[in-house]
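One letter stands for each residue in the lines below.
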Amino acid sequence: MSENSLNKKAESWSGRFSEPVAELVKQYTASVSFDKRLAEFDITGSIAHARMLGAQGIIAQTDVITIESGLGEILDEINAGQFEWLLDLEDVHLNIEKRLTDKIGDAGKRLHTGRSRNDQVATDVRLWLRATTDDVLASIKSLQISLLDLAEQHAETIMPGFTHLQVAQPVTFGHHLMAYFEMLKRDAERFADCRKRINRLPLGAAALAGTSYPINREMVAKSLGFDGVCENSLDAVSDRDFSIEFTAAASVMMMHLSRFSEELILWSSPRFAFIDIADRFCTGSSIMPQKKNPDVPELVRGKTGRVYGHLVGLLTLMKGQPLAYNKDNQEDKEPLFDTADTLLMTLKIYADMLRGISVNKANMRQAALEGFATATDLADYLVKKGIPFRDAHEVVALAVKHGVQQGCDLADLPLIELQKFSPMISDDVYQVLTLEGSLASRDHVGGTAPTQVKQSIVRARKLLS
Ligand code: ARG
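Residues numbered from 1 in each chain as written. Predicted model: local features only at pLDDT ≥ 70, side-chain atom pairs only at ≥ 80, totals over all residues. Heavy atoms only, no water.

With their axes 10 Å apart at the nearest point, helix 5 (residues 61–79) and helix 6 (residues 92–104) run at an angle of 120° to one another. Here helix 5 lies oblique to helix 6, going by the angle between them. For the pair helix 5 and helix 6, the crossing hand works out as right-handed. Together, T66, I67, G70, L71, E73, I74, E77 and I78 of helix 5 and I96, R99, L100, K103 and I104 of helix 6 make up the contact between the two elements. Counted by class, the contact of helix 5 with helix 6 contains seven nonpolar, two polar and four charged residues. (Axes fitted to C-alpha atoms, helices over the stretch in contact; angles between N-to-C directions. Helix = DSSP H or I, 4+ residues; strand = E, 2+ residues; numbered from the N terminus. Parallel < 35°, antiparallel > 145°, perpendicular 65-115°, else oblique. Left-handed = near helix turned anticlockwise from the far one by under 90°. Contact = heavy atoms within 4.5 Å. Nonpolar A, V, L, I, M, F, W, Y, C, P; charged D, E, K, R; others polar.)

The next subject is the site of the ligand. Neighbouring the ligand are the residues S31, D35, D91, H93, R117, N118, V121, Y325, Q330 and K333. The side chain of K333 places a nitrogen or oxygen atom 2.6 Å from an oxygen atom of the ligand. Against a free-state accessible area of 340 Å², the protein chains account for coverage of 86% of the ligand. Looking at which element gives the most residues to the shell around the ligand, the answer is helix 8 (residues 117–153), with three residues. (Near = heavy atom within 4 Å. Polar contact = N/O pair within 3.5 Å; in protein donor to acceptor, adjacent residues only side chain to side chain. Areas by Shrake-Rupley, 256 points an atom, 1.4 Å probe, with all protein chains shown as cover.)

This paragraph deals with the packing of aromatic side chains. Tallied over the full model, the rule gives eight aromatic pairs. Measuring from centroid to centroid gives 4.7 Å for W128 and F337, while their planes differ by 65°, and the two rings are edge-to-face. Placement of W128 in helix 8 and of F337 in helix 14 (residues 333–355) is noted, with a sequence separation of 209 residues between them. You'll find W128 and F337 in the same group, each marked buried. Here F173 and W267 contribute two aromatic rings whose centre-to-centre distance is 5.5 Å and whose plane-to-plane angle is 75°, an arrangement assigned as edge-to-face. (Phe/Tyr/Trp six-rings, centres within 6.5 Å; stacked < 30°, edge-to-face > 60°. Buried < 20%, exposed > 50% of the residue type's maximum accessible area, 1.4 Å probe, protein only.)

The next point concerns the side chain of H154. Among the structural elements, H154 can be located in the loop between helix 8 and strand 1 (158–163). By relative accessible area, which is 6% here, H154 ends up buried. Not counting residues within four places of it along the chain, the set of residues in contact with H154 comprises T172, F173, G174, V359 and K361.

Below, the discussion takes up helix 13 (residues 295–319). Between its first and last C-alpha, helix 13 extends 36 Å over 25 residues, near the 36 Å set by a 1.5 Å rise per residue. Looking at helix 13, one finds that the buried residues are V296, P297, V300, T304, V307, H310, L311, L314, L317 and M318. (Expected span 1.5 Å × (residues − 1).)

Here A122 is to be found in helix 8. In this structure A122 comes out as buried when scored by relative accessible area, which is 0%. Spatially, the C-alpha atom of A122 lies 6.3 Å from that of P202, the residues being 80 residues apart in sequence. Leave out the neighbours within four places in its chain, and A122 touches P202, A236 and R240.

Attention now goes to the environment of R186. Considering the arrangement of structural elements, one finds R186 in helix 9 (residues 173–198). In this structure the C-alpha to C-alpha distance between R186 and A249, which are 63 residues apart in sequence, comes to 9.7 Å.

So, about the pattern of salt bridges. Scanning the model with the defined rule gives 34 salt bridges in all. Between E90 and K327 there is a salt bridge, with its nearest N and O atoms 2.7 Å apart. Here E90 is found in the loop between helix 5 and helix 6, whereas its partner K327 is found in the loop between helix 13 and helix 14, with 237 residues between them in sequence. Two residues, K454 and E156, come together in a salt bridge whose shortest N-O distance is 2.5 Å. With K454 in helix 21 (residues 450–464) and E156 in the loop between helix 8 and strand 1, this residue pair connects regions lying 298 residues apart in the sequence. Judged by its relative accessible area of 51%, E156 falls in the exposed class. The network of salt bridges with common partners includes E73, E77, R99 and K103. (Salt bridge = Lys/Arg side-chain N within 4 Å of Asp/Glu carboxyl O.)

This part is about the pairing of strand 2 (residues 166–172). Relative to strand 2, strand 1 runs antiparallel, the two being bridged by six bridges. If you follow I158 over to strand 2, its bridge partner there is T172. Hairpin connection, strand 1 to strand 2: the antiparallel pair is bridged by two residues, and H164 has positive phi, about 55°. (Pairing = 2+ DSSP bridges.)

Here it is, written out as structure tokens:
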């Protein structure tokens with residue numbers, strides 16, 4: 001044998017070629033360094049395929065048994081870190097198939113009957129992503145529980161609510177946190193919905209057109225826990241919209257966590273001093289001894305950009321590809337894996353970080369007292385006494401201007417002063433000017449009254465149970 005044909009022996013498609021692949025090309029085209037992560041799912045998929053081939057009489061039952069035990073041993077080798085991954089064998093699929101053939105001979109060579117790496121890789125990615133989505137869903141739930149625990153402790157803790165980052169109206173800290181619960185609830189819905197489209201079987205599509213063997217796709221789908229088969233072979237091997245959807249859901253979720261992080265960063269800054277983040281989530285400065293930096297929320301904010309990048313990367317990867325499979329698709333894995341790793345780590349660390357947040361109630365309350373947060377309540381009070389809202393708004397604006405000049409809040413102005421702005425004001429006004437009065441009056445579903453916040457927490461807990 002010539003040296004060339006010896007080299008070619010490693011390659012499964014070798015017969016057609018008259019020279020081996022260039023070394024640099026091998027490195028450029030190989031994916032094993034990252035797709036070996038799919039090994040367990042590749043083996044699970046292969047076993048289901050082999051069993052179907054046996055059940056349909058396409059290969060012998062004795063071959064099925066040998067294939068299964070060979071693949072089982074290979075999985076053990078991989079889990080024990082004893083499997084030798086070879087760049088020469090390009091990807092996870094060829095590495096495992098070659099090892100199987102080395103172990104069991106001809107039966108191993110029969111495994112790929114009626115199958116292509118094109119439907120094989122699409123199946124592996126879907127199996128991996130389904131398991132990952134389940135992990136994401138469980139992690140969202142843990143984070144939601146942390147959030148509910150914190151919200152419950154602070155259903156009555158008063159803080160200023162902001163618009164334009166200026167004090168707007170008083171809210172409870174619990175109510176503010178429950179806003180994030182709602183966002184996470186929708187995030188979980190998005191992942192659960194995306195899972196339905198992930199959970200379809202590509203196997204049987206073979207390279208692109210299907211296969212001439214009498215296969216049973218439903219059997220494979222059922223044994224792998226898929227809800228059904230991909231109905232068009234060209235689509236089955238070529239689209240990666242399910243990965244894009246997952247990454248889109250991850251991007252939206254990271255956007256939510258990034259906003260939350262921005263608030264944690266602001267609130268923990270000494271300028272706000274609303275909260276303290278436990279030391280284990282912060283670092284110091286190598287030059288400024290007084291510093292305690294909120295690194296974790298800052299990194300969540302930073303990593304959000306990275307996940308958006310993966311979404312744009314995947315969309316761009318797909319946009320110019322003609323049907324069906326193209327090697328471009330090999331580039332789908334790293335962004336997808338990194339998106340999932342980033343999101344999962346973020347979710348886990350966030351759940352723990354929320355448990356380490358302590359609240360400075362006095363500072364929160366003081367901030368709510370300082371920004372004329374009950375001005376709207378005064379306007380509403382005047383409306384209830386018969387003044388049209390627009391006029392009431394103007395009356396209160398003048399009273400606020402006066403308060404600013406005097407350096408005091410509306411509640412600190414004596415009745416006689418307040419009455420200069422409207423004779424309709426009487427001493428019952430102080431009930432609405434207090435923070436507690438303002439909160440208690442917003443007593444409807446979605447409002448910030450502590451009784452409503454508590455009810456929303458009860459509903460949320462029920463939803464998670
Ligand atoms: N490593 C390849 C991928 O990830 C597997 C499919 C290869 N198929 C092919 N026709 N070259 O997409």
